[in-house]
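# An overview of the molecular structure
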Amino acid sequence: MTTTAPAQLATLTEALQAFERGAHTAAALSTLARQQTALLAALPPRYGEVLLNLLDRLESSALFSEESCSFSQKDLVANLQMWMEKARSALAAA
């Protein structure tokens, strides 16, 4: 596993792109994201809380069809992309 925070963010970004293409499941993306411990340790604690919340909702949305779920997968993916952009900025500023 890659040990630097920027490399782990790149890995997570690639995994999200794979999820969007249908190459990863929500569970696989969530598991991979939770394993990026160097990234989460390098960011303020709130980033970890927000990421885990988004991942939990993404996994929940995968259990239902888009119409019956209160969480839109498209919106969750957009929020994860925004989280990654903010995480990238936070790492650059550190």
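Notes on the structure follow.

Calculation notes
- Residues numbered from 1 in each chain as written.
- Predicted model: local features only at pLDDT ≥ 70, side-chain atom pairs only at ≥ 80, totals over all residues.
- Heavy atoms only, no water.
- Axes fitted to C-alpha atoms, helices over the stretch in contact; angles between N-to-C directions.
- Helix = DSSP H or I, 4+ residues; strand = E, 2+ residues; numbered from the N terminus.
- Parallel < 35°, antiparallel > 145°, perpendicular 65-115°, else oblique.
- Left-handed = near helix turned anticlockwise from the far one by under 90°.
- Contact = heavy atoms within 4.5 Å.
- Nonpolar A, V, L, I, M, F, W, Y, C, P; charged D, E, K, R; others polar.
- Expected span 1.5 Å × (residues − 1).
- Buried < 20%, exposed > 50% of the residue type's maximum accessible area, 1.4 Å probe, protein only.
- Arc of directions from axis to C-beta.
- Salt bridge = Lys/Arg side-chain N within 4 Å of Asp/Glu carboxyl O.

Moving on, we get to the packing of helix α1 (residues 5-21) against helix α5 (residues 73-93). At a minimum axis distance of 11 Å, the contact between α1 and α5 shows a crossing angle of 165 degrees. The angle between the axes of α1 and α5 places the two elements in the roughly antiparallel class. The way α1 lies across α5 gives a crossing that is left-handed. Residues A5, P6, L9, L12, T13, L16, F19 and E20 of α1 touch α5, and the partners they reach there are Q73, V77, L80, Q81, W83, M84, A87, R88 and L91. Of the residues contributing to the contact of α1 with α5, the split by class is 12 nonpolar, 3 polar and 2 charged.

Between the first and last C-alpha of α5 there are 30 Å, a value that for 21 residues agrees with the 30 Å anticipated at 1.5 Å per step. Looking at α5, one finds that the buried residues are L76, V77, L80, W83, M84, A87 and L91. Each buried residue of α5 lies within a common arc of 115 degrees when the element is viewed along its axis, so the set occupies one face. Residues of α5 that are exposed and angled more than 90 degrees away from the buried face: K74, A92 and A93. Structurally, α5 contributes buried residues whose contacts are with α1, α2 (26-34), α3 (37-42) and α4 (45-62).

Scanning the model with the defined rule gives 3 salt bridges in all. Among the salt bridges present, the one from E59 reaches R34, with a minimum N-O distance of 3.4 Å. Of this pair, E59 sits in helix α4 while R34 is found in helix α2, placing the two residues 25 residues apart along the sequence. Residue classification places E59 among the partly exposed residues on the basis of a relative accessible area of 28%. Between R46 and E49 there is a salt bridge, with its nearest N and O atoms 3.1 Å apart. Of this pair, R46 and E49 both sit in helix α4, 3 residues apart, roughly one helical turn.

Remember that the coordinates give geometry; whether it matters functionally is a separate question.
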